[in-house]
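# Commentary on secondary and tertiary structure
As a plain string of letters, each chain reads:
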Amino acid sequence: MERYVWELTLQLHQLGHRVTVICERCHTPKPEGISVIELGEVTPRPRWVAALRFSHRVSDWLASNPQPDCIVHSHERIYSHEITTFHGSIFATVTEKPWWRLISLRIAMQLYLERRELSIAKVIVPNSQYIKQNLSFYYPEFAYKLSEPITPGVTAVNLRNFRSVPKDGGIIGFVGEEWKRKGLPFAVEIVKRLRVTRPNLTFMIIGPPVASIKYLFADWQSGFILKEWSGQVNYSEFDVLLHPAKSEPYGMVVSEAMASKLPVVISDACGSCEDVSTDAGTILPLDSPIDLWVNAVNNQLNRFVAVPQFSRNWEEVAMQYEAEFRSLVSPAQSEFSDATISHPVELVS
């Protein structure tokens, strides 16, 4: 989400709009020409308390600093916006759990904040078709507010030069700090099966704290590399990205991998499915037998043609937002190019 906001803000500025960012703290040098309002950090836990506090502070700032020609664009659980972008997993899925697991102040407040965000907005922008479908299902009363998805842009850093992978080896990559939701335990079982026929196969995991996942490899003597999150991933090191996520609103690692010309094998619970062509990889239903997953990964390792490079630039993302912003500007307001678009979210480098 932070990358999405950062890149969108820069592109809107380059397109000629005045942009003000309201955030807790800016963790990188402030871009020239963009006004950044830092409200100060609060204790991040519990999350719902932090969200409430930030929401109140944003509203207080807007009340003290009237913006008559502004469009307030939210990426967070606030209640002072005209348009909101929905980036994460839908919390309302919790209602499918047994009733006794729902008796919690935390759950009640998270549901309240999510519904409030959607009810206040005039336009709701999902970041994938997957999220749009889920929002329509869990909040049918707000379906009329949903725009077409605006998926993230992507920037390739390290292109993978096509190479033949040894029949008995290769490097499978897994990327993600939220490793349970992204399907790491299942990925471990897939790779373990594949190592029967490819004994020199290596599984490289980037993201989770090593101590939290080491038990998954208790019966492995070798063949795995564990790296904690450092902010960047060199996808050219991998031969295939494995991402059997249980629920993934979009999945930037998937588009980043494809932008680096790396093949992918992912679940159909990823929002990025819409961007995965048959030339770029394989999409499987999450409940597919493990043998199908093993064969799919093996086929990608045995590729004899390069992956076409995936491309989606951030200017295109910003131009799609322009259309949504224009729909909110009445003829009585000033020219849209003079609007101030506030992104209440923490920006990180």
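Provided above is the structure to which this section pertains.
Residues numbered from 1 in each chain as written. Predicted model: local features only at pLDDT ≥ 70, side-chain atom pairs only at ≥ 80, totals over all residues. Heavy atoms only, no water.

## Some points on the overall build of the protein chain
Each helix and strand in the protein chain was counted, giving 9 helices and 12 strands. Relative to a compact globule of 349 residues, whose C-alpha radius of gyration would be 20 Å, the protein chain shows 22 Å and is just as compact. Its C-alpha atoms put the protein chain at 70 × 50 × 35 Å along the principal axes. In the protein chain, buried positions account for 52% of the 349 residues. Of the contacts made within the protein chain by residues no fewer than 6 positions apart, 64% connect residues no fewer than 24 positions apart. Computed over 34 positive and 38 negative side-chain charges, the separation of the two mean positions in the protein chain equals 6 Å. (Helix = DSSP H or I, 4+ residues; strand = E, 2+ residues; numbered from the N terminus. Rg over C-alpha atoms; globule rule 2.2 N^0.38 Å. Buried < 20%, exposed > 50% of the residue type's maximum accessible area, 1.4 Å probe, protein only. Contact = heavy atoms within 4.5 Å. Lys, Arg positive; Asp, Glu negative; His and termini not counted. Charge placed at Lys NZ, Arg CZ, Asp CG, Glu CD.)

## Here we look at the side chain of Ser267
Mapped onto the fold, Ser267 is located in strand S10 (residues 264-267). The exposure class assigned to Ser267 is buried, which follows from its relative accessible area of 0%. In this structure the side chain of Ser267 is engaged in a polar contact, spanning 2.6 Å, whose partner is the backbone oxygen of Ala245. With near-sequence residues (within four places) excluded, Ser267 lies in contact with His243, Pro244, Ala245, Cys273, Ile283, Leu284, Leu286 and Trp293. (Polar contact = N/O pair within 3.5 Å; in protein donor to acceptor, adjacent residues only side chain to side chain.)

## A look at the sheet that holds S10
Read from one edge of the open sheet, 6 strands run S8-S7-S6-S9-S10-S11, paired in parallel fashion. Sheet topology places strand S8 (224-228) and strand S11 (281-284) at the edges, where each strand pairs with a single neighbour. Along the sheet, successive strands turn relative to each other by an average axial angle of 20 degrees, direction set aside. In this fold helix H5 (residues 184-194) packs onto strand S6 (171-175), strand S7 (202-207) and strand S9 (240-243), with an angle of close to 165 degrees to the strand it touches most, S7. (Pairing = 2+ DSSP bridges. Axes fitted to C-alpha atoms, helices over the stretch in contact; angles between N-to-C directions.)

## Structural notes on the nonpolar core
Core analysis: the biggest nonpolar cluster contains 28 residues, and Ile172, Leu184, Phe203, Ile205, Phe217, Leu242 and Val297 have the highest contact counts within it. Of all elements in the fold, only S6, H5, S7, S9 and helix H8 (290-301) reach the threshold of two or more residues within this core. Not counting chain neighbours up to four residues away, the residues in contact with Phe203 comprise Ile172, Gly173, Phe174, Leu184, Ala187, Val188, Val191, Phe217, Gly223, Phe224 and Ile225. Listed in part, the 24 residues of the second largest apolar core include Leu241, Tyr250, Val254 and Val307. (Core = buried A, V, L, I, M, F, W, Y, C linked by side-chain atoms within 4.5 Å.)

## Remarks on the packing of aromatic side chains
For the structure shown, the criterion picks out 13 aromatic pairs. An angle of 25 degrees between the planes, with centres 6.1 Å apart, marks the rings of Tyr139 and Phe142 as stacked. Of the residues examined, Phe142 reaches a relative accessible area of 11% and is grouped as buried. Between Trp179 and Tyr215, the ring centres sit 6.5 Å apart and the planes meet at 65 degrees, which makes this aromatic pair edge-to-face. Within this pair, whereas Trp179 is found in the loop between S6 and H5, its partner Tyr215 is found in the loop between helix H6 (210-213) and S8, the two being separated by 36 residues in sequence. (Phe/Tyr/Trp six-rings, centres within 6.5 Å; stacked < 30°, edge-to-face > 60°.)

## What about empty space enclosed by the protein?
A probe matching the size of a water molecule, rolled over the atoms, marks out where space remains unfilled. Summed over all chains, the structure comprises 2 cavities of 30 Å³ or more. As a volume, the second largest cavity reaches approximately 30 Å³. Here the lining of the second largest cavity is built from residues that sort into 7 nonpolar, no polar and no charged. (1 Å grid on protein atoms, 1.4 Å probe; cavity = no way out; pocket = protein on both sides within 12 Å on 5 of 7 lines; lining within 4 Å. Points joined across faces, edges and corners; volume = space filled by probe spheres on them. Nonpolar A, V, L, I, M, F, W, Y, C, P; charged D, E, K, R; others polar.)

## Brief notes about the side chain of Ser236
Mapped onto the elements, Ser236 comes out in the loop between S8 and S9. Sequence-distant contacts of Ser236, defined by excluding residues within four places in its chain, comprise Asn158, Leu159, Arg160 and Arg163.

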